[in-house]
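Spelled out, the chains give:
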Amino acid sequence: MTDNTTGSCLCGSVTFEVSGALESFFLCHCSRCRKDTGSAFAANLFSTTAELRWLSGEDLIKTYRLPATRHQKSFCSACGSAVPSIQMEGTLLVVPAGSMDSAIAVRPDAHICFDSRAAWEDQLEQAPRIAGLPG
Ligand SMILES: [Zn+2]
Ligand SMILES: [Zn+2]
């Protein structure tokens, strides 16, 4: 399956297009991903074949790599939003799912590093679902 999708950062400076198949979609609950996103898990799409094309803002992108690990994050230096990056010596495209503006054709494959999840994630499905902001 081939997708042609676009995405952007929160401030709108960085925009990009991904063409090709997104092969996997993982929700990673490890402590590094929790720190990196400030959230319960990182939702990332992965591809070894899709192509990434920057449409704007490439000069604003900064990349942080945690020393002595493969954990890497690229972000817009104006707004801090996660943006795609090429990892594993140029062989793996990683796209933060939340950065996409187009609909994503694939569903998450798995929760990974689930044993590392934050304690407050347990019984999350029991939290009330409010359609908008709390009143
Ligand atoms: Zn931005
Ligand atoms: Zn992780």
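Residues numbered from 1 in each chain as written. Chains lettered and ligands numbered in written order. Predicted model: local features only at pLDDT ≥ 70, side-chain atom pairs only at ≥ 80, totals over all residues. Heavy atoms only, no water.

Draft legend 1. Region of the structure containing the coordination of the zinc ion (ligand 1). Cys9 (SG), Cys11 (SG), Cys76 (SG) and Cys79 (SG) make up the full set of protein donors to the zinc ion (ligand 1), lying at 2.3 to 2.4 Å. If you look at the zinc ion (ligand 1), its four donor atoms make angles of 103 to 113 degrees with each other, and the shape they trace is tetrahedral. Read in sequence order, the donor residues coordinating the zinc ion (ligand 1) give the pattern C-x1-C-x64-C-x2-C. Highlighted residues: Cys11 in the loop between strand E1 (3-8) and strand E2 (15-20) and Cys79 in the loop between strand E7 (72-76) and strand E8 (82-83), separated in sequence by 68 residues. A residue is classified by how much of its surface remains accessible, and Cys11, at 41% relative accessible area, is partly exposed. (Donors = N, O, S within 2.8 Å, 3.2 Å for Na, K, Ca; no water. Tetrahedral: all angles 85-135°; square planar, octahedral: opposite > 155°, others 65-115°. Helix = DSSP H or I, 4+ residues; strand = E, 2+ residues; numbered from the N terminus. Buried < 20%, exposed > 50% of the residue type's maximum accessible area, 1.4 Å probe, protein only.)

Draft legend 2. Just the sheet that holds strand E9 (residues 85-87), in detail. Strands sit in the order E9-E10-E4-E3-E11 across an open sheet of five strands; the sheet is mixed. Across the chains shown, the open sheet's two edge strands, defined by having one partner strand only, are E9 and strand E11 (110-112). Averaged over all pairs of adjacent strands, the angle between their axes in this sheet comes to 35 degrees, without regard to strand direction. When strand E3 (residues 24-28) meets strand E4 (residues 42-47), the two strands line up antiparallel, connected through five bridges. Its bridge partner being in E4, Phe25 is matched across the sheet by Leu45. (Pairing = 2+ DSSP bridges. Axes fitted to C-alpha atoms, helices over the stretch in contact; angles between N-to-C directions.)

Draft legend 3. Broad picture of the coordination of the zinc ion (ligand 2). Within the first shell, the zinc ion (ligand 2) binds the protein through Cys28 (SG), Cys30 (SG) and Cys33 (SG), at distances of 2.2 to 2.3 Å. For the zinc ion (ligand 2), the donor residues sit on a single chain with the sequence spacing C-x1-C-x2-C. Each of the two residues, Cys30 as well as Cys33, counts as buried.

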